[in-house]
Amino acid sequence: MYPKAKQAWLLLAALVILALPPMQRFLEQSMVMHMLVQIPALVIIGWITGKILPENWKDNIAPWNRWGITGIALAIIIMTYWMLPRVQDAAISEWPVELTKFITVPIMGMALGISWPQLNPIAQGVLKLEFWATFMRLGWLYLDLPDRLCANYLLSDQRVFGQLLLLAGSIWAVAWTLRIMFGIRIVNT
Amino acid sequence: MSTTEVSSKIEYSDSEDRNALIAVKSHLIAGLLVFLLMMLAGLAMRAAQGTWLEIGADLFYQIMTVHGVGVVGAAMITSTGVQWYFLRQYVKLSNGVFWTNFFIFLTGVVLILGSIFVGKYGGAWTFLFPLPAISMGAWSTGAAAVFQLGLLVIGVGFLILYLDFGRAILARYGSLSRALGLTQLFGKEPVDYKHPAAVVASTMVLIVNFMGIAAGAVVLVMGLINLFYPEFKPDALLMKNLIYFFGHVVINATMYASVIAVYELLPRYTGRPWKTNKPFYAAWFAIVFMVMGVYPHHLLMDFPMPAWGLIVAQVLSFGSGIPVLVVTGYGALMIVYRSGIKWSTSAKLLFLSMFGWAAGVIPAILDAMVTVNRTFHNTLWVPGHFHFYLLLGLLPMLIGFAYFLAGEGDSKERPKAVDSFGFYAYLIGAFMTSMVFLASGANSIPRRWAAHLPEWIGFAQAGTIAASLVVLGMLLFIMRALISLPGANNPR
Ligand code: HEM
């Protein structure tokens, strides 16, 4: 029980540090940091929280989350919402939106962490391909769109972000191929 | 894993087997019926080009779109039925997933039919950007979107099915390279002559189609975004690359899925086993890359394409088809030679498919040469080559399998007169249909023209007559399939 409690405190501390105004400003001043550092950090905090929830909580959730479907559906809804550029933009300018982000994104991570292992492997495969395709589609969009999507970020920022998404998607594809074709594990996906 | 374990078959419960047989038959019957309807559509197009039938240009392009997408879909669903029937004997596949794909497929079909005949979409099955968005009033943005959505839905269904294939193959063989026979090819394991050809072929199909669907998932959504947000103009050449990668892989793979019927059935009819060996593995390994690398032969006239891509495409196109064709064609000849084979309709069709495939790639290879393509690009030469190996290569495999499943392989009866008549009507009709297309192409008649110039009409009329023969043969095949298939027991 003790290590779990300690982990919980660490996670809370991490969340608070991310929310501290200087840290927040630092991470949100560029689109790349915002999207590829802050958001993933929030998701990871949620994911680990999901793993270390007390057993009786997990037992209470389980009947509502058969095969992980409810949790994944919730995660997808939250994810889709935060994929809209204008809400990310609003999070920077308006504190209630920012607060919502700091609450819902970790919840999404938690839902994913609890539900992913329970999900049917085929559904996992479909979602993985869909996530991968989303990286590629958004990367392409961010590179090619003529206008800025966010009032708060420069076009050049948007372009760099697009390139990074495409890069990440490509690395993912190679890692996946190596693993399935030859059983070589680079990262544990 | 010992050799005996690798070659042993999977056990299913009786009810699972019964359900599986119904599922395979549903795939076959649905697919063959769509083929028949699409052949009628083809006949109508040919008759319209030959001025024997009066249809407006907009309807012509709707028919052309439904024909293209319909036969590709039918080829996918029917060949998947064949593949699944054999693959499940070696790895544990789920009936539920197989059915799921079938129903998702039907949903996609409804969407696509709606987009074409209600929404009037006529931008061809290749939905080449930016055509779907600039119909000049012939169809709405919504119709084009529903068409692409239908394709996307069908892609998801197949993705689910391939994930099940992948899961089952990995569960049994550990990695796809082992299932492909690469560990044997490169000497890490002794060669196992009983390693099932169905597993090798299915692994190849699984890999390339997975990649094809992944590309499709990206490009279809980019097309959809462009439809609703025209300021977003993706790079047209990149879109074309992805579309042709997706389209070429998907239709090409149906051939490699269906050829499993040849590997599995010819040995039954000749009483000689089909042994896998190193050349066989090498051929299938090569084809994984070739099927994915040849598609730029559709882009030979796109001058901004990087030259290396086109050179690779030309070289691979020369080689593509050859490895598997050689091991399969040679294997088929060797297995049949002096075996005392009984020429049932199924055996005849399977053997014909070897000819259709082998002969059909020749015009394809010719056209993949840049110098030839300069003249033949977008002429009826192109439909000539693909109708050749689809009508005479792919369909005979599928229909041959249907005959096998209808119980013909078991019975001692000789082929009925109707079957023989159907066979020859089909053979001659299909051969003529393809040759007339090729001759038209050689005479520089363009493809995808609703109205033909007076000088070309003779060709179209000859094509119409040939097409009616195909339809007649197919009609007889279908009637036989519909009568005998539903009640037939699983052939032992
Ligand atoms: C009686 C049999 C058939 C006839 C008469 C026929 C006729 C035609 C005609 C007239 C066209 C349009 C040619 C043009 O561009 O002017 C066409 C296109 C096409 N056909 Fe067929 N066809 C037949 C069977 C098949 C089958 C069995 C397949 C595939 C398995 C097939 C696949 C295609 C494809 C992919 C196209 C291209 C559509 C496009 O350009 O968008 N056809 N066919």
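Residues numbered from 1 in each chain as written. Chains lettered and ligands numbered in written order. Predicted model: local features only at pLDDT ≥ 70, side-chain atom pairs only at ≥ 80, totals over all residues. Heavy atoms only, no water.

Novice: Describe the domain arrangement of chain A, naming the residues involved and giving the relevant values.
Specialist: Residue and element names in this part refer to chain A. Along its sequence, chain A is organised into domain 1 (1–119) and domain 2 (120–189). On a C-alpha basis, the centres of domain 1 and domain 2 stand 20 Å from each other. Between domain 1 and domain 2, the contact holds 20 residues from the first and 20 residues from the second. Counting each side, the surface lost to burial between domain 1 and domain 2 is near 1,700 Å², with a carbon and sulfur contribution of 73%. For the interface between domain 1 and domain 2, the tally reads zero salt bridges. For the side of domain 1 that touches domain 2, the secondary structure elements donating two or more residues are α3 (31–52), α5 (69–82) and α6 (85–93). Counting residues per element, the side of domain 1 that touches domain 2 draws most heavily on α3, which supplies five residues. (Domains from an automatic or database assignment. Contact = heavy atoms within 4.5 Å. Buried area = accessible area lost by both parts, 1.4 Å probe. Salt bridge = Lys/Arg side-chain N within 4 Å of Asp/Glu carboxyl O. Helix = DSSP H or I, 4+ residues; strand = E, 2+ residues; numbered from the N terminus.)

Novice: Describe the site of the ligand, listing the residues and the values that go with them.
Specialist: All names here are of chain B. In the vicinity of the ligand there are 23 residues, among which Gln49, His67, His387, Arg447 and Arg448 approach most closely. Between the ligand and the protein, one listed contact pairs a nitrogen atom with a side-chain N or O atom of His387 at 2.8 Å. A distance of 2.5 Å separates an oxygen atom of the ligand from a polar backbone atom of Arg448. At the level of elements, α2 (14–49), α3 (57–87), α16 (381–405) and α18 (457–484) are the ones that each hand at least two residues to the shell around the ligand. Of all the elements, α2 adds the most residues to the shell around the ligand, at seven residues. Of the residues that constitute the shell around the ligand, the class distribution is 16 nonpolar, four polar and three charged. (Near = heavy atom within 4 Å. Polar contact = N/O pair within 3.5 Å; in protein donor to acceptor, adjacent residues only side chain to side chain. Nonpolar A, V, L, I, M, F, W, Y, C, P; charged D, E, K, R; others polar.)

Novice: Describe the confidence of the model for chain B, naming the residues involved and giving the relevant values.
Specialist: All names here are of chain B. Counting all residues, the mean pLDDT for chain B is 90, and 97% of those residues have values of 70 or more. Below pLDDT 50 for its whole length, residues 1–6 participates in 10 contacts with residues either more than four positions away or in separate chains. Model confidence for the complex is summarised by a pTM of 0.91, with the ipTM given as 0.83. (pLDDT = per-residue confidence, 0-100.)

Novice: Just give me the short version of the coordination of the iron atom of the ligand, but keep the residues and values in it.
Specialist: Residue and element names in this part refer to chain B. Every protein donor of the iron atom of the ligand is listed here as His67 (NE2) and His387 (NE2), and their distances to the metal cover 1.9 to 2.0 Å. Coordination at the iron atom of the ligand comes from six donor atoms whose angles at the metal span 88 to 180°, giving a geometry best classed as octahedral. Here His67, found in helix α3, pairs with His387, found in helix α16; they are 320 residues apart in sequence, far enough to count as distant. For the pair His67 and His387, a shared accessibility class is recorded, and that class is buried. (Donors = N, O, S within 2.8 Å, 3.2 Å for Na, K, Ca; no water. Tetrahedral: all angles 85-135°; square planar, octahedral: opposite > 155°, others 65-115°. Buried < 20%, exposed > 50% of the residue type's maximum accessible area, 1.4 Å probe, protein only.)

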